[in-house]
Amino acid sequence: MDQGKKSLLLVLLVIVLGVVAVLLFLGRARRGSHGVESIDSAEKTWMMCTDPGCQAKYEIAKKEYFEFVENNRTGMQVPGMKCGECGKTSAFRAVKCGKCGNIFLYGAKGLDYADRCPKCHYSKMEQDRKARGG
Ligand SMILES: [Zn+2]
Ligand SMILES: [Zn+2]
């Protein structure tokens, strides 16, 4: 094989590798934008009904909740989910405090951490961050 053909093959090889790399990158980016699909269906999240007459607290699949948010959100506004108890669309994501067991709305207090307990002020996010040394 002469030198010209060799370098032509080399150029083709580089182009093919480049295309493969781009396709892999695009594939990953597309999967990344659909975070809901990557949620383990065994994972649970707490829900809390904000209706004063109900205030039900229960767990649902985290995936189910995020799918609901994905399909129903308008801008930054996260809609209320249909309550498993009273049927009103007044259920929101909640957190169970890892320290005192209190169940409260996720980020409702507008405090530094969305999972800070309004009762005992414990935050798992804060503890995790401290544990990582930041
Ligand atoms: Zn309810
Ligand atoms: Zn607490």
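Model, not experiment: these values are computed from the prediction.

Caption draft 1: Broad picture of the overall build of the protein. Each helix and strand in the protein was counted, giving three helices and four strands. Over its C-alpha atoms the protein spans a radius of gyration of 24 Å, topping by over 25% the 14 Å that the globule rule assigns to 134 residues. If one aligns the C-alpha atoms of the protein with their principal axes, the spans along those axes are about 85 × 40 × 25 Å. Per-residue burial over the protein gives 12% buried out of 134 residues. Considering only contacts in the protein between residues 6 or more positions apart, those separated by 24 or more positions represent 39%.

Caption draft 2: Spotlight on the sheet that holds strand 2 (residues 57–61). Reading across from one edge, 2-1-3-4 is the order of the four strands in this open sheet, with antiparallel pairing throughout. The open sheet terminates on both sides in strands that have one partner only, identified here as strand 2 and strand 4 (103–105). Direction aside, the axes of adjacent strands within the sheet are offset by 50° on average. Contacts from helix 2 (residues 62–72) reach strand 1 (44–49), strand 2 and strand 3 (91–96), with the element oriented near 85° to strand 2.

Caption draft 3: Seen up close, unusual backbone geometry. If you check the backbone angles, Q55 has positive phi at about 50° while not being a glycine. Inspection of the secondary structure puts Q55 in the loop between strand 1 and strand 2. The exposure class of Q55 is partly exposed, given the 14 C-beta atoms found within 10 Å. A positive phi is found at H121, a non-glycine position, where the angle reads about 65°. Here H121 is to be found in the loop between strand 4 and helix 3 (124–131).

Caption draft 4: View of the nonpolar core. Among the nonpolar cores identified, the biggest contains 10 residues, and these are M47, M48, C49, Y65, M81, C83, A91, F92, A94 and V95. Contributions of two or more residues to this core are made by strand 1 and strand 3. Residues in contact with M47, not counting those within four places in the same chain, are Y58, I60, M81, A91, F92, R93 and A94.

Caption draft 5: Spatial organisation of the domain arrangement of the protein. For the protein, the assigned domains read domain 1 (3–33) and domain 2 (39–131). Taken over C-alpha atoms, the centre of domain 1 sits 44 Å from the centre of domain 2.

Reading guide: rules and limits
- Residues numbered from 1 in each chain as written.
- Chains lettered and ligands numbered in written order.
- Predicted model: local features only at pLDDT ≥ 70, side-chain atom pairs only at ≥ 80, totals over all residues.
- Helix = DSSP H or I, 4+ residues; strand = E, 2+ residues; numbered from the N terminus.
- Rg over C-alpha atoms; globule rule 2.2 N^0.38 Å.
- Buried ≥ 20, exposed ≤ 12 C-beta atoms within 10 Å, placed from the backbone.
- Contact = placed C-beta atoms within 7 Å.
- Pairing = 2+ DSSP bridges.
- Axes fitted to C-alpha atoms, helices over the stretch in contact; angles between N-to-C directions.
- Core = buried A, V, L, I, M, F, W, Y, C linked by C-beta atoms within 7 Å.
- Domains from an automatic or database assignment.

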